[in-house]
Amino acid sequence: MTKGLLYASLELSPTATASDIRTAYRLLAMKFHPAHHDGLDKMGRFLRVSAAYSLLADGDQRRLYDEQEIGKAGAQGLSFAQLSPTQAERIFAKEMSALAWELADAGYDHAFIERALTEEGCPVAIAAAAARSTVLSAGGGSAPQAAFEPRVASPLPHTRPAWFRNRWGLAGAALFAGLLLYALAYRPYVTAKEEEAKRIAAERELAAATAARMAAEALARAAEQVRMEERVRQEARNATLAHEDQRQRAKDAAARQAEYQACLARLGPAAGAKPMREASVQPARAPFAANDGGVGAIMTFKVEQWKQNSRRADEELRIKAEAVCQGILSR
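Nothing here was measured: the structure is a model prediction, and the numbers come from that model. (Residues numbered from 1 in each chain as written. Predicted model: local features only at pLDDT ≥ 70, side-chain atom pairs only at ≥ 80, totals over all residues. Heavy atoms only, no water.)

Student: An account of the overall build of the protein is requested, with residue identities and associated values reported.
Tutor: Each helix and strand in the protein was counted, giving ten helices and zero strands. Put simply, the protein runs from its N terminus to its C terminus through helices and strands in the order α-α-α-α-α-α-α-α-α-α. The contacts in the protein between residues at least 6 apart in sequence include a share of 73% that link residues at least 24 apart. Of the roughly 21600 Å² of accessible surface on the protein, 61% is carried by carbon and sulfur atoms. (Helix = DSSP H or I, 4+ residues; strand = E, 2+ residues; numbered from the N terminus. Contact = heavy atoms within 4.5 Å. Areas by Shrake-Rupley, 256 points an atom, 1.4 Å probe, with all protein chains shown as cover.)

Student: Describe the packing of aromatic side chains, and please don't skip the residues or the numbers.
Tutor: One pass over the full model with this rule turns up six aromatic pairs. Ring plane angle 35 degrees and centroid distance 6.4 Å describe the contact between Tyr186 and Tyr189, whose orientation is recorded as tilted. Pair noted here: Tyr186 and Tyr189 are both in helix α9 (residues 167–290), with a separation of three residues, about one helical turn. The class for Tyr186 is partly exposed, based on a relative accessible area of 47%. (Phe/Tyr/Trp six-rings, centres within 6.5 Å; stacked < 30°, edge-to-face > 60°. Buried < 20%, exposed > 50% of the residue type's maximum accessible area, 1.4 Å probe, protein only.)

Student: Provide a residue-level description of a nonpolar patch on the surface, including the pertinent values.
Tutor: On the surface, Phe176, Leu180 and Leu184 cluster together into a nonpolar patch covering about 340 Å² of accessible area. Mapped onto the elements, Leu184 comes out in helix α9. Looking at Leu184, the relative accessible area reads 62%, which means it is exposed. (Patch = residues over 30% accessible without salt bridge, like charges linked within 9 Å, V, L, I, M, F, W, Y side chains within 5 Å. Salt bridge = Lys/Arg side-chain N within 4 Å of Asp/Glu carboxyl O.)

Student: Tell me what's going on with helix α2 (residues 18–31), and back it up with residues and numbers.
Tutor: Because an α-helix completes one turn every 3.6 residues, residues spaced three or four positions apart along the sequence face the same direction. With 14 residues, α2 extends 20 Å from end C-alpha to end C-alpha; this agrees with the ideal 20 Å at 1.5 Å per step. Three or more residues of α2 are buried, namely Ile21, Thr23, Ala24, Tyr25, Arg26, Leu27, Leu28, Ala29 and Met30. (Expected span 1.5 Å × (residues − 1).)

Student: A description of the nonpolar core should follow, citing residues and the corresponding values.
Tutor: Leu10, Leu56, Phe92, Leu117 and Cys122 are the most contacted members of the largest nonpolar core, which has 35 residues in total. Every element with two or more residues in this core is listed here: α1 (5–9), α2, α3 (40–56), α5 (85–105), α6 (110–120) and α7 (124–136). In terms of residues, this core owes the most to one element, α3, which gives seven residues. Those residues in contact with Phe92 that lie beyond four places of it in its chain are Tyr25, Ala29, Met30, His33, Phe46, Cys122, Pro123 and Ile126. (Core = buried A, V, L, I, M, F, W, Y, C linked by side-chain atoms within 4.5 Å.)

Student: Describe the environment of Ala16, naming the residues involved and giving the relevant values.
Tutor: Tracing the backbone shows Ala16 in the loop between α1 and α2. In this structure, Ala16 is in contact with Ile21 and Arg62, ignoring residues within four places of it in sequence.

Student: So, α6: which residues are in play, and what are the values?
Tutor: Here α6 has its buried residues at Phe112, Ile113, Ala116, Leu117 and Glu120. The buried residues of α6 occupy one face: seen down the axis, they fall within an arc of 130 degrees. Positive backbone phi, approximately 120 degrees, marks Gly121, located one or two places after α6. (Arc of directions from axis to C-beta.)

Student: Talk me through the packing of α2 against α5; I want residue IDs and the actual numbers.
Tutor: One way to put it is that α2 packs onto α5 with a least axis distance of 11 Å and a crossing angle of 115 degrees. Between α2 and α5, the interaxial angle falls into the category roughly perpendicular. In this structure, α2 meets α5 at a crossing whose hand is left-handed. Between α2 and α5, the residues in contact are Arg22, Tyr25, Arg26, Ala29 and Met30 and Ala88, Ile91, Phe92, Glu95, Met96, Ala98, Leu99 and Glu102, respectively. A class-by-class count of the residues in the contact of α2 with α5 yields nine nonpolar, no polar and four charged. (Axes fitted to C-alpha atoms, helices over the stretch in contact; angles between N-to-C directions. Parallel < 35°, antiparallel > 145°, perpendicular 65-115°, else oblique. Left-handed = near helix turned anticlockwise from the far one by under 90°. Nonpolar A, V, L, I, M, F, W, Y, C, P; charged D, E, K, R; others polar.)

Student: Tell me about the pattern of salt bridges, residues and numbers included.
Tutor: As a working rule, side chains carrying opposite charge can pair if their charged atoms are close by. Under the defined criterion, the tally for this structure stands at 15 salt bridges. Salt-bridge contacts for Glu95 lead to Arg26; the nearest nitrogen and oxygen are separated by 3.3 Å. Separated by 69 residues along the polypeptide, Glu95 in helix α5 and Arg26 in helix α2 bring together distant segments of the chain. Take Glu95 and Arg26: they sit in the same class, and that class is buried. Across the pair Arg199 and Glu196 runs a salt bridge whose closest N-O atoms are separated by 2.2 Å. With a gap of three residues between them, Arg199 and Glu196 both fall in helix α9, about one helical turn apart. Residue classification places Glu196 among the partly exposed residues on the basis of a relative accessible area of 34%. Where salt bridges share partners, they join Arg22, Arg26, Glu95 and Glu102 into one cluster.

Student: For the side chain of Thr134, give the residues involved together with the corresponding values.
Tutor: Looking at the element boundaries, Thr134 is found in helix α7. Among the polar contacts listed, one links the side chain of Thr134 to the backbone oxygen of Ala131, at a separation of 2.5 Å. Other than its neighbours up to four places away in sequence, Thr134 contacts Ala100, Trp101, Ala104, His110 and Ile113. (Polar contact = N/O pair within 3.5 Å; in protein donor to acceptor, adjacent residues only side chain to side chain.)

Student: Describe the environment of Glu322, listing the residues and the values that go with them.
Tutor: By the element assignment, Glu322 lies in helix α10 (residues 294–329). Taking the C-alpha atoms as reference, Glu322 lies 9.3 Å from Cys263; in sequence the two are 59 residues apart.

The structure is reproduced here in structure tokens:
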């Protein structure tokens, strides 16, 4: 074999890096796996790819291979004929498990990992076992990391854009941005609306209180007006009663005055006797006055005494009559 035979099996140049070797093996092993093809030719291609990878993946073996010819000592034991199908399947399963762990560490669940490996060409049983191993060993650390950078278009998740691989972080950032926007913009807006609603409610309460106060004042004025009208009517009734009482008093006074006049009329003959007695005494006064003797003086004295007694009796009669009339007036 020539020096570049192993690199040719992986479709690589001797300057390929370890990452290129691993990526090329994964793609070619899934492409030429015997589960997808029948015949010795496909099995032989799968074995050659697996044998080339098993040697070139080891740095020391690769360095020896690059320094020596394949037929010389030290490299003869690494020929394709010495790699059995079981060994090739073991290498393939190990690499699929490592790829599954890379995807798990990137944040993908086992269902997505199984689907991605199957779509890329990995047999269903091996893809399912590799995906389940990430779930069963999730708490015990990750498997050895290995790069997987296919040179052809591939639906594997690591070939998607960076934003898709970091979608959970982007979702958290979007949530944080939403909360920040709410705190900085929407919450002040809601607070302003609440304050405006409170102000409007306070103004309405004040207007209602003012209206109630004005209504109470109007009722008080109406009640005061009713009281004033009742007072005026009461004063009118009192005035009417006072007028009626005054009229009655006037009638009573007129009746008493008439009775007084009647009483005086009844007492009139007794009062009129005095002039008659005085007239009867006048003719006798001259003779006594004509006499110059003591008899005339005595008679004059007696006449004067009688006149005084008569006046005293008339005065007592008058006083009694006035007392009687005053008693009539005072009733």
